[in-house]
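# Topology and contacts: notes
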Amino acid sequence: MNITSEVQIVLIEDSDDDAALTMRAIKSSNLVNDIVWLKDGEEAINYLKSENEAGEAKPKLILLDLKLPKINGIEVLERIKQDEDLKKMPVVVMTSSKESKDLDRCYSLGVNSYVVKPIDFSRFMDVTKKVSLYWVLINQIPKD
């Protein structure tokens, strides 16, 4: 199953290893897509704002880590969900944090899903593949 390049996933992750594994898992699912990797919260906000202002297609999925430099993931989520032009973008938090305060805060801000990254390599690959397949192929998002 191949999808056209209109499919876009924005990966906001500061760990080179986690980003490489995430992109490998997505690519192994035969999703042919444009994955944009952003390494900190400030870069993510700037990218999402500039792409929206330029009239570029909105991503079908934002994968967001919580522990980010410059602007943390919770603040990135808050800014996305408060912005009229960005708030409908699906955001899935993928984090190592199992803290209930993080989970509660993310859902109170409007996150679409919260996934704790598995430590086991094969489980990480499987979970990431399933998350991306659902949000990119099955989920429907508004076109505006």
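In what follows, the structure referred to is the one given above.
Reading the values: the criteria
- Residues numbered from 1 in each chain as written.
- Predicted model: local features only at pLDDT ≥ 70, side-chain atom pairs only at ≥ 80, totals over all residues.
- Heavy atoms only, no water.
- Salt bridge = Lys/Arg side-chain N within 4 Å of Asp/Glu carboxyl O.
- Helix = DSSP H or I, 4+ residues; strand = E, 2+ residues; numbered from the N terminus.
- Buried < 20%, exposed > 50% of the residue type's maximum accessible area, 1.4 Å probe, protein only.
- Expected span 1.5 Å × (residues − 1).
- Arc of directions from axis to C-beta.
- Contact = heavy atoms within 4.5 Å.
- Polar contact = N/O pair within 3.5 Å; in protein donor to acceptor, adjacent residues only side chain to side chain.
- Core = buried A, V, L, I, M, F, W, Y, C linked by side-chain atoms within 4.5 Å.
- Axes fitted to C-alpha atoms, helices over the stretch in contact; angles between N-to-C directions.
- Parallel < 35°, antiparallel > 145°, perpendicular 65-115°, else oblique.
- Left-handed = near helix turned anticlockwise from the far one by under 90°.
- Nonpolar A, V, L, I, M, F, W, Y, C, P; charged D, E, K, R; others polar.
- Pairing = 2+ DSSP bridges.

### Topic: the pattern of salt bridges
Applying the stated criterion across every chain, the model contains 14 salt bridges. Among the ionic pairs, E78 bridges to R105, the shortest N-O distance being 3.3 Å. Of the two residues, E78 sits in helix α3 (residues 73-82) while R105 sits in helix α4 (residues 100-109), which places them 27 residues apart along the sequence. By relative accessible area, which is 35% here, R105 ends up partly exposed. Note that R123 is salt-bridged to D126, the shortest N-O span being 3.9 Å. Placement of the pair is R123 and D126 together in helix α5 (residues 121-138), with a separation of three residues, close to one helical turn. Residue classification places R123 among the partly exposed residues on the basis of a relative accessible area of 46%. Overall, D126 belongs to the partly exposed group, its relative accessible area being 29%. Several salt bridges converge on common partners, so that one network encompasses E13, D18, D65 and K117.

### Here we look at helix α2 (residues 41-53)
A turn of α-helix holds 3.6 residues, and therefore any two residues three or four places apart point the same way. With 13 residues, α2 ought to run about 18 Å at 1.5 Å a step, and its terminal C-alpha atoms sit 18 Å apart, in line with that. Of the positions making up α2, those classed as buried are G41, A44, I45, Y47, L48 and N52. Seen from one end, α2 has its buried residues packed into an arc of 165°, which puts them on one side. On its buried face, α2 is in contact with β1 (8-12), β2 (34-38), β3 (61-64) and α3. Sitting at the amino-terminal end of α2 is D40, which places a side-chain oxygen 3.0 Å from the backbone nitrogen of E42.

### Considerations on the nonpolar core
Formed by 25 residues in total, the largest nonpolar core has its most connected members in V10, I12, L48, I62, L64, V76 and C106. If you list the elements that add at least two residues to this core, you get β1, β2, α2, β3, α3, β4 (91-95) and α4. Every residue in contact with I12, bar those within four places of it in the chain, is listed here: L38, D40, A44, I62, L63, L64, D65, L68 and V76. Grouped together as the second largest cluster of nonpolar side chains are 15 residues, I9, V92, M94 and V131 included.

### Considerations on the packing of α3 against α4
Relative to each other, α3 and α4 sit at 15°, their axes nearing to 9 Å. Relative to α4, the element α3 is oriented roughly parallel. The two elements α3 and α4 cross, and the hand of that crossing is left-handed. Residues I74, L77, E78 and K81 of α3 pack against D102, R105, C106 and L109 of α4. Here the residues of the contact of α3 with α4 sort into four nonpolar, no polar and four charged.

### Focus on the sheet that holds β1
The sheet built from five strands is open, its strands ordered β2-β1-β3-β4-β5 with parallel pairing. Both outer strands of the open sheet, β2 and β5 (113-116), are each paired with one neighbouring strand and no more. Across the sheet, the mean angle separating the axes of adjacent strands is 20° when strand polarity is ignored. With three bridges joining them, β3 and β4 adopt parallel strand pairing. Each bridged residue has a counterpart across the sheet, and for L64 the counterpart in β4 is V93. Strand contacts of helix α1 (residues 16-28): β1, β2 and β3, with the helix running at about 170° to β2, the strand carrying the most contacts. Across the sheet, α5 touches β1, β3, β4 and β5, and the angle it forms with β3 is around 150°.

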